[in-house]
Structure formats: structure tokens, C-alpha cells
Amino acid sequence: MKKILIVDDQKEIRELVRVTLRIGDYEIIEASSGDEAVTVAQAERPDLIFLDVMMPQSPLDGFEVCRALKGDPRTEGCTIVLLTALDKPEDLAKGEQAGADDYFTKPFSPLQLMNKVDEVLG
Amino acid sequence: MSDKVAPARSKRSIQSFRPGREQWRIWNELVLAINQAHSQQAVLDALVENLLGFGINAIIGRVNRADDTLTTVVVALQEPELQQDVERLTNSSSLNYTLPLESFDFRDALVRHNQPQLITVDASFVRSVLPPDLDWLAERLVRRIGPAQGIVVALYTRGSISHLLFAISAGLNEDDVPMLTAFAELTSAALDGAALLEEAEAQRNVAETLQRVGYLVNTSLNLNRVLELILGQLATVIPYDSAAIFLEENDQLSLVAGQGFRDKLLEVLKIAVPVEDNALYQEIQERSEPVYIEDVRYDDRYTQWAGSARVRSWIGLPLISKDKIIGQIAIDSHHPSAYSPDDINLAFTFAQHVAIAIENARLHETVREYATTLERRVEERTATIRREQEQTAAILKGAGDAIVITDRDGVIAYINPAFSELTGYTSEEAVGHKTSILRSKKTSLEFYKNMWNTILMGQTWRGELQNRRKDGTIYDAELTIAPIRDEEGQIVNFVGIQRDVSKAKELDRLKTEFLATAAHELRSPLTTIRGYAELLIMRDDISGPETKEFLSYIYEQSLNLTDLVSDLLDLARIESGELFTISPEPVDIQPLLANIVEQWQLKAPAHTFELVGPSTWPEVEVDKVRIQQVFDNLLSNAVKYSPDGGKITVETHEGPANMRFSVTDEGKGISEEEQKHLFEKFWRADATSTAVEGIGLGLVVVKTIVEAHGGRIWIARSRPGEGTTISFTIPLRDRIPTILIIEDERGVLEVEERILSAGGYKTLSATYGMTGLGLARSELPDLIVLDLMLPDMSGEEILHQLRQQSATRDIPVVVVSAKSALSHIENTYSLGAVDFLTKPFDFDEFLGRIRLALKS
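These numbers come from a predicted model, not from an experiment.

**What to know about the overall build of chain B**
- Counting its secondary structure elements, chain B contains 27 helices and 29 strands.
- Expressed as a percentage of the 856 residues in chain B, the buried residues total 47%.
- A total of about 42,900 Å² of accessible surface is found on chain B, and carbon and sulfur atoms cover 51% of it.

The structure is reproduced here in C-alpha cells:
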């Protein structure tokens, strides 16, 4: 069973992604902050990570988490998809530099999110 | 009347006149005296004196050949009493009485043929030679002298008959004629000599006068004044009753100077008369010589003149300059035939010099006028240039844009005050240096090269670049450089005008950022709404309880969205400058606040909310909806800034003037940099990355609402990691203004308190600076009256501290001090005092100034 990590500081968003993906055959794990995400990812080695970029209360934001995971041999292989409200070209470039594989801009469609999972893991 | 040549009646008298020893002595004396006389008058005086010595009365008359009259000039009588009478009568030794020569029947014999005449001096003769009103004198004369005999002989001057001598004595007979004739001849010779002497004297006089005229001309006086003075000098050469100088200009003759005329007549004479209407002047022009009229009454040419009716003799002297007649001098005498040919010659000589003097003076005047005009023009030009320079200087000085003037090489020659203000360089520091002192490494060399190429080609360059201030900070400059050319078109200077557009650019940046932030803020709730709605619509695996839960998420976020949108709309309204209106009404604030706190406790159960305040609350006048918006914003921020929960306190405090509300959290705190910008439009803490969502949008709105209520908002306390307190005030309704007096002298304090209470104000007082500052912060008075000398700190320090704190920054301060030095007053104003009162002051002045300050 493929493992998917959802990182977002907002509980409703994590729940939204979990409910969206529960009809598929995946193991869903969650993290509510950047540092938690790094710890969990290193331990669980998920196949796919949905990573929120703006987490004001978190010591690490999404870009930093992404950079950390892509720079770690244990997690460099996992696919990272950013969830972001920032869609200016320079923000997207920032994500690319951090090593993100893809991105979704908020507000996203849960159905499109599912298609993305199928595409990446299927 | 007198007899013709009368036969001798008595030999006795002749015998008695045979010169004896005594007579010879007298004769010798006469010869000596006469020859020593230097003037004609003196000669005549010597003659009669000696005749008296012979016992002979003598009367001498001057012959006026022009009108054939005789004017008495000397009367010498033996009888002292009679002499006194005569002298008293005439107030001189001469009677100065004129009668026609024709009244003497011996006229022709005497005048034409020079025959001495023997006459009988009886009452009728005496009466005939005296004025009618002197008949009484005539009778006395005859009674005392005569009947007597008289011998009349002529005296000659330069070959012409000039005087008649009447020698009268009881004993005279024809034998005495030779002696008298000898006397007459002797006298005539002496008269000739005296005339020559007088002439020489007159000529010397003329020479001296002309010299004086020369001096006059060279003075700085104007021509007309000089000519008047010249006429004064003329009087010493030739006596006159009136005299005038006329100058010809454009075929008109005008009087330019007059002496001896009555003012009215002078005005008339000053009217210019065409030369063609002036026959006399025409004649002078033709002859280039003086014209003399011995009696104007008998001369048609003169009657055309508007001269004085009393004028008899008239001389017109041509003023000849460079063979041209430029005008005339007119000399008037009230006596007919007043002038001799010698007089006229002298006057003519004088006139010739005057003409030269006039010409010189005119030249002088022209040169002087030219010099004056030139001088005035130079002055005017100088004034114009100075005015233009002053205007330019004023424009440069007053300009809001930074202006720099450089030479061709970019070396600074001038900077205006705005330039100093913008760059930090004073005039002394900048002038003489190149403008490259402003270069920042942020602008490429290529850019500068391009700029220089443009302006060296004589074109104006416009652009934006980043410049460096003296303190190293960088600013965005909008710069225009234009060349200044000299008259030949060569570029001599450049003028650079720059404006700091950092703020505008920053505002632009903030606006862009704000839009991104706003979009982001909207996207967060939209993600939840859209996502759950999509799941609810598309998916069949959502359970009943899940449906309800998801719908509540959607509902909550839609409420968030609503708040956001209304904040955005408020912001838009504030930004557009539209008046932010509120609808205040009396509100019991306590239940309102309790309700708000209760709602937030439900919304944020992780935090503990507490409402602290007095038991009774005064009624305030507020816009209920807007005040709720203020609290929602502040509480929402408090929650966001303390993610780990903790206590959130809403505190109220009733001051004399205001209700003060404070919201305190135990969260992260706000950095000093953030505090500076917290209430600024579009500013949002660390907007680019991970800042707290939602903050920034609301605080500008909050500030606007508070201020619309007449209150103030500020960050009362905030330290990183220790939480934040934000306070705001709402003024109490119908409140009495409170004035804080900070003053250490008890006496003064009491007076001020009394005056202010009488003026209807509440007062608070402090005698130390520290307590004063404390009261200012806690009570927020409407005004502070501040003494400058306090025991613990200076008034300047207090002013400074009041200005440092946002809570007290806007409280007007009136400084009261015994120090009245201007520098002192200026200093306190620069520290933010609104008024300065010098001790001692009076009641009305103090209250008036307080009232004014409160209005500020």
C-alpha cells in the first residue's frame, strides 16, 4: 500500500485531503507543522507528500521542508506536491528550486487532487 | 522862473570873492580834494563843500540827456538848520527831484552854448525848481538866503554836459562868473578822472563778477538756479530794478531767470513767446548788439512787452554763443535814461561771458543728465538683476524638489535646502564635490555613461535611479538633468532636479504585495468551502454526521470570508479618501463587551478570555457595529498571535476624559520594526512568507474607526515572547476637558489651577516630571501645561518623552516658562509644544491661550 503524507497547519484542509483520498487504497498519514513533517517523512518514507507552503506558526515553511526532504537520501525519492495560495511566477520558481515535483494552487479541486495521486502513484 | 543873463547888480559881491589869502588856501584845498576824489559823487561833494567855504550855497543837478531833464543830486546850504531840513526831507544829501530842463529859459544858452548864466534866486524861482508840496521849504529858503544871485554853470564829463551847478549867494555877480567857470572846468576834469577810475573799478568789478559767474557755472546747481545767481551778480556791475534772462528754444523765447519782479509778473513772463512776435528780440538778433531804450514809454517796440508798468529804461543784451544768438538779458530801470553807453558796454561784456557760461552750463547739464540717466539705468538694471536673482534664489530655496547646479564636469556649485534634506549633505559638504558622491552601487556605470552622453549632447535627461545618502541609505530618485547654456550656446552648467520616489515605489510595492496577500487571505477559506462542497456534491461516501460537520466548516469559512470582504471594502473606502462615517448612539458598553468576549471564548476555546473593569460603566456614544468590529479585529489578532493558547484580557479604564480599552495577549509579541508599521496602510508583518494570516488588513480599519470616534489607538506594550497590549480610547460624552499641570512651584500651580477651574476645566497636577509623565500616560488629559524647570527632569525631556509615546504623542502641550530667550522658545516648538507662555501672565491671556491650544 502506497503511503501518502499530508502536511498542513489547518485541520480542515488535512481532513479534506484525507476524506478525498479515502476511497483509494492508500495509507494516509498527517503532519500539522513543518518540523513535524520532516520527522514523520524521515521515519515513514511516504511515496507522496502533499505539502502546504504557508504555515505561519511553523518554524519551517513548505519550501524549507521540501528542501530538507529532497536533500536527505532517505526521503529524496518521494514525490512532493506543494499546496499553495501563492501562484506568482517567482513563488512557483521558488518551489521548483526547493525541489518540488508539482504543485496545486488553492483553492484546489479534490477530484483533481485524486487524479494527481493516480498519476503519480498509479 | 529865472532871469536870462543878468547884468551885475553889485560890485561888492565880486570884490568879496576876489581870492585873498584865505581864498587861495581854500582854492588849493579844493583842487587837492577834487583830485583825490575817486568817484564822481565824491568830486561833486568836494566841490560843494569848498563852495560852502566861500560862503556859496550849491545845488547840483544831473542832466538826463535822453529826456532832457534835470535830477537834483546834491544840495549844500550854508544855514545848518535849512540843510538839516532838506536832508531830513530827502533822507539824504540830495533831493533827487527831476524836472524838465525846458523849465529853465537859459537851457539852450547853457546846454548848447556852454554860457554860464547869472540868475536871480527869488521865491518864484525857488518854487519853480521844487516839487509843489515843498512850497513851505521854498519860502524858508528865500527868506534865509535871498533874494540872492545865482550863477549856473555846466559840468562836463568826457566831453558831454553831465551836471548843472547852481551857485547861490547874496553877493554873487557877473564878476564871479570866471571863478565859477574855473571851478567848473576844474571839476569837469576831476569828473573825467573819476569816471575813468569808476570805469576801471567797474571793469575790475565785472572781471571779478565774471569770475564768480564762472564758479557758479561749475557748481552742481541746475542751470536756472545758476542764472538767477548770475543776475544777482549782474546787479553789482550795473544797477537795475529788475532783470531777466531769456533763452530761445524752438523759436520761442522763455524767461529762465528773473530778479526784482513781483511773483505774479514773473509767472506771466515765464510764458514762452514766439520770437516772431518779439520785435525787440528780432532786432537784437539782427544786430547782435545791445538795444537800449532810454524811455520805453516812447518806444512802440517795447509796448509789446508784458513788462512792469514802472519800467523806463530798458537794455536788451544779446547772449551770443558760437556766433549764434541763444537769448537775451533784459535790464530794466524805473528811471528813464538810467544807463550810459559805458554801462551798456559793461553789461554787454557781462552778457557775452554769461552766454559762454550758459553754453558751458548747458553742456554740463547735458553731460550730467546723461550721467544721471546712465547711472539710473545701471541702477535699474542692477535692481532688475538683483530682483531676478532673488526670485530665482527664493524659488530654488522654496522648491520641494532637490535641486543641484553643477559645472560642466559635474562639480557641484549650488544645492538647495531640499537637496540637503534629501541627501543629508549640507551646502558646505556638497559644493566643490562631484555629484558622484550620490552614486550607489545599485545603479550601473553603463547607466551613468548613458546619462552623461545625453546631457553633454545638450539634451535633457530624465530617468529613475538609486542614489546614496550621506548616511549610506539608498533612495529611489526620479531625476531630470538639463544643460544651461551661455550666450554663445556653450553648455556651462547642468541643473539637476530630483525627487525621492522611494515612498511612492514602496507604496507601489506594498499595494502589489497587499493584493497578493488579500488574494491569499481569500484563498484559504475558499479552499475549505470549495473542497468540502465538491466532496458533498460528487461523493457518495459521506455519512450523515460528516455532512453536518463539513457544512459547518463551509459555514464558518464563509463567515470568515464575509469579514474579510467587509474589511477589504472598508480599506478600499479609506484608501479612496472617502469620509469614513460612523453613526454614534449612546451605548451601555458593558453588556456589549461581555457579549463579544463570550463569543470569542466559544470561537477560541484554547484561550482564556477575561474582562476586567470597574463595576459601573459610564455611557459612551459609539457606533455599535463599528466598535464590535474593532474588538473582533483586536481579539482575532490576539488569538492569532498566541497560537499556544493563554490568557487574553480585555481591560477597561475610565479616565477623566476618555474610556480606555486594552486588549492583552500572552503571545509572540510584535517586533519594534513591526510596531512602527502596524497601523500603516497595506503594511503587513513579513508579508512574503509565513506571517500570521489575516493581520494587516484589519488594523488600518480599526485605527480609522477609533479616530472617527475621536479616540486614539496605540501599542501600549509589546515584547517578543511576552505578548502584546493594544489600547485605544473613546472620549466620554459631554465631558469636561481635563488639563494636566506639571509645575513644581506650589504658588504658580495654585494660580494656574484656580484660573483653569474658573475657566471650567478639570485639572490634574504633578510637581515632578516623572509623576507628570505617568499621569499623562494613565489619564490621557486633553492638554498639558508644562513648566520647563522641574526638580527631576527638564521640560524639554518631558516634551521629548511625551512625543515618543504613541498614547501621549498627540496631546497638545502649552509650555509656561520664565525663560523667554528666542532660542529657548524655538527649541520647545521644535519639540512639539503648541504654544509658549512667558511668566508672568494674566488671567485672560492664560485662559485664551489654553482655549486655542485645546482647539489644536
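**Observations concerning unusual backbone geometry**
- Omega for the peptide link from Lys106(A) to Pro107(A) comes to -5°, which places this bond in the cis form.
- Mapped onto the elements, Pro107(A) comes out in the loop between strand 5 (102-105) and helix 5 (110-121).
- A positive phi angle, near 50°, is found at Asn250(B), a position not held by glycine.
- Mapped onto the fold, Asn250(B) is located in the loop between strand 7 (242-249) and strand 8 (252-259).
- Here Leu780(B), not a glycine, exhibits a phi torsion of approximately 45°, which is positive.

**A look at the nonpolar core**
Residues and elements named next belong to chain B.
- The biggest cluster of nonpolar side chains holds 44 residues, and the ones touching the most others in it are Ile-589, Phe-631, Leu-634, Phe-661 and Phe-728.
- Take this core: its biggest share by element is eight residues, from helix 20 (residues 624-641).
- Among residues more than four places away in sequence, those in contact with Phe-728 are Val-630, Phe-631, Leu-634, Met-659, Arg-660, Phe-661, Val-706, Arg-712, Ile-713 and Trp-714.
- Grouped together as the second largest cluster of nonpolar side chains are 36 residues, Ala-202, Ile-238, Tyr-240 and Ile-331 included.

**Here we look at the sheet that holds strand 3 (residues 48-52) of chain A**
Residue and element names in this part refer to chain A.
- Taken in spatial order, the five strands line up as 2-1-3-4-5 in an open sheet, and their pairing is parallel. This sheet does not close on itself; its edge strands, each paired only once, are strand 2 (26-31) and strand 5. The average undirected angle you get between the axes of adjacent strands in this sheet is 20°.
- Sheet strands in contact with helix 3 (residues 62-70) are strand 3 and strand 4 (79-84), and its direction is about 150° off that of strand 3.

**So, the pairing of strand 15 (residues 461-468) of chain B**
All names here are of chain B.
- Here strand 15 runs beside strand 16 (residues 474-485); their pairing, made up of eight bridges, is antiparallel. Paired with Gln-466 across the bridge in strand 16 is Asp-476.
- Counting the residues between successive antiparallel strands, the hairpin from strand 15 to strand 16 contains five residues, one of them, Gly-472, with a positive phi of roughly 95°.

**Some words on the side chain of Asp665(B)**
Residues and elements named next belong to chain B.
- Along the chain, Asp-665 falls in the loop between strand 22 (658-664) and helix 21 (672-677).
- One buried charge, Asp-665, has no salt-bridge partner; the nearest side chain with opposite charge is Arg-717, at 6.6 Å.
- Of note is the side chain of Asp-665, whose polar atom sits 2.8 Å from the backbone nitrogen of Gly-667.
- Dropping the residues within four chain positions of it, Asp-665 is found in contact with Ala-638, Tyr-641, Ser-642, Lys-647, Ile-648, Arg-717, Glu-722, Gly-723 and Thr-724.

**Brief notes about the environment of Asn467(B)**
All names here are of chain B.
- On the secondary structure map, Asn-467 appears in strand 15.
- Here Asn-467 falls in the buried class, since its relative accessible area comes to 5%.
- Distance in space between the C-alpha atoms of Asn-467 and Ala-477 is 6.5 Å, their sequence separation being ten residues.
- Excluding anything up to four places from it in sequence, Asn-467 contacts Leu-438, Ser-440, Tyr-448, Thr-473, Ile-474, Tyr-475, Ala-477 and Gln-498.
- Reaching out from Asn-467, the side chain makes a polar contact with the side chain of Gln-498 at a distance of 3.1 Å.

**Thoughts on the interface of chain A and chain B**
- With 26 residues of chain A at the contact, the number on the chain B side is 30 residues.
- A buried area of about 2,600 Å², summed over both sides, lies between chain A and chain B, and 53% of it is on carbon and sulfur atoms.
- When the buried surface of chain A facing chain B is broken down by residue, Glu12(A), Met54(A) and Pro107(A) rank first, second and third, together holding 21% of it.
- Viewed at the interface, chain B and chain A are joined by two salt bridges.
- A salt bridge links Glu546(B) to Arg22(A); the shortest N-O distance between them is 2.5 Å.
- Along the contact surface separating chain A from chain B lie 14 residue pairs in polar contact (both at pLDDT 80 or more).
- It is helix 1 (residues 11-21) of chain A that provides the largest number of residues to the side of chain A that touches chain B, a total of seven residues.
- Classifying every residue of the side of chain A that touches chain B gives 14 nonpolar, four polar and eight charged.

**Considerations on the packing of helix 18 (residues 544-575) of chain B against helix 20 of chain B**
Residue and element names in this part refer to chain B.
- Put simply, helix 18 and helix 20 touch, their axes get as near as 13 Å, and they point 110° apart. As summarised for this structure, helix 18 and helix 20 are arranged roughly perpendicular, according to the angle between their axes. As helix 18 packs across helix 20, the resulting crossing turns out to be left-handed. Residue-level contacts link Asp-567, Asp-570 and Arg-573 of helix 18 to Arg-626, Gln-629 and Asn-633 of helix 20.
- Across the contact of helix 18 with helix 20, the residue classes break down as no nonpolar, two polar and four charged.

**Description of the packing of helix 1 of chain A against helix 17 (residues 502-538) of chain B**
- Between helix 1 of chain A and helix 17 of chain B, the least distance of the axes is 10 Å, while the angle of their chain directions is 25°. Considering the angle they form, helix 1 of chain A stands roughly parallel to helix 17 of chain B. Viewed along their axes, helix 1 of chain A and helix 17 of chain B form a crossing whose handedness is left-handed. Only Thr527(B), Thr528(B), Gly531(B), Tyr532(B) and Leu535(B) of helix 17 of chain B make contact with helix 1 of chain A, whose side of the interface consists of Glu12(A), Ile13(A), Glu15(A), Leu16(A), Val19(A) and Thr20(A).
- Tallied by class, the residues present in the contact of helix 1 of chain A with helix 17 of chain B amount to five nonpolar, four polar and two charged.

**Side note on the sheet that holds strand 8 of chain B**
All names here are of chain B.
- Read across the sheet, six strands follow the order 9-8-7-12-11-10 without closing on themselves; strand pairing throughout is antiparallel. If you trace the sheet from one side to the other, it starts and ends with strand 9 (273-274) and strand 10 (291-293), each paired once.
- By the bridge criterion, two bridges tie strand 8 to strand 9 in an arrangement that is antiparallel. Paired with Gln-252 across the strands is Pro-274, a residue of strand 9.
- Here helix 9 (residues 223-237) sits on the sheet and contacts strand 7, strand 8 and strand 12 (324-333); the angle it forms with strand 8, its principal contact strand, is near 60°.
- Sitting on the sheet, helix 11 (residues 279-287) touches strand 7, strand 8, strand 10, strand 11 (313-321) and strand 12, and the angle it makes with strand 12 is about 125°.

**A closer look at a nonpolar patch on the surface**
- Taken together, the side chains of Tyr370(B), Leu374(B) and Val378(B) make up a nonpolar region of the molecular surface, amounting to roughly 300 Å² of accessible area.
- Here Val378(B) lies in helix 13 (residues 341-398).

**Description of the confidence of the model for chain B**
Residue and element names in this part refer to chain B.
- Summarising the model, chain B shows a mean pLDDT of 82, and 91% of its residues fall at 70 or more.
- This model gives residues 1-17 a pLDDT under 50, and the stretch forms 46 contacts once residues within four places in sequence are excluded.
- Of the regions scoring below 50 in pLDDT, residues 685-695 engages in 35 contacts with residues more than four places distant in sequence or in other chains.
- Reported for the predicted complex are a pTM of 0.43 and an ipTM of 0.94.

**Observations concerning the pattern of salt bridges**
- Per the counting criterion, the structure on display carries 28 salt bridges over all chains.
- In this structure, Arg22(A) engages Asp541(B) in a salt bridge whose closest nitrogen and oxygen atoms are separated by 3.0 Å. Residue Arg22(A) is found in the loop between helix 1 and strand 2, and its partner Asp541(B) is found in the loop between helix 17 and helix 18; the two belong to separate chains.
- For Arg22(A), a relative accessible area of 33% corresponds to the partly exposed category.
- A relative accessible area of 27% means that Asp541(B) is categorised as partly exposed.
- With a shortest N-O distance of 2.8 Å, Glu429(B) and Lys470(B) are connected by a salt bridge. Taken together, the positions of Glu429(B) in helix 15 (residues 427-430) and Lys470(B) in the loop between strand 15 and strand 16 put the pair 41 residues apart, joining distant regions of the chain.
- What makes Glu429(B) partly exposed here is its relative accessible area of 29%.
- The partly exposed category is assigned to Lys470(B), whose relative accessible area is 43%.

Definitions and limits used
Residues numbered from 1 in each chain as written. Chains lettered and ligands numbered in written order. Predicted model: local features only at pLDDT ≥ 70, side-chain atom pairs only at ≥ 80, totals over all residues. Heavy atoms only, no water. Helix = DSSP H or I, 4+ residues; strand = E, 2+ residues; numbered from the N terminus. Buried < 20%, exposed > 50% of the residue type's maximum accessible area, 1.4 Å probe, protein only. Areas by Shrake-Rupley, 256 points an atom, 1.4 Å probe, with all protein chains shown as cover. Core = buried A, V, L, I, M, F, W, Y, C linked by side-chain atoms within 4.5 Å. Contact = heavy atoms within 4.5 Å. Pairing = 2+ DSSP bridges. Axes fitted to C-alpha atoms, helices over the stretch in contact; angles between N-to-C directions. Lys, Arg positive; Asp, Glu negative; His and termini not counted. Salt bridge = Lys/Arg side-chain N within 4 Å of Asp/Glu carboxyl O. Polar contact = N/O pair within 3.5 Å; in protein donor to acceptor, adjacent residues only side chain to side chain. Buried area = accessible area lost by both parts, 1.4 Å probe. Nonpolar A, V, L, I, M, F, W, Y, C, P; charged D, E, K, R; others polar. Parallel < 35°, antiparallel > 145°, perpendicular 65-115°, else oblique. Left-handed = near helix turned anticlockwise from the far one by under 90°. Patch = residues over 30% accessible without salt bridge, like charges linked within 9 Å, V, L, I, M, F, W, Y side chains within 5 Å. pLDDT = per-residue confidence, 0-100.

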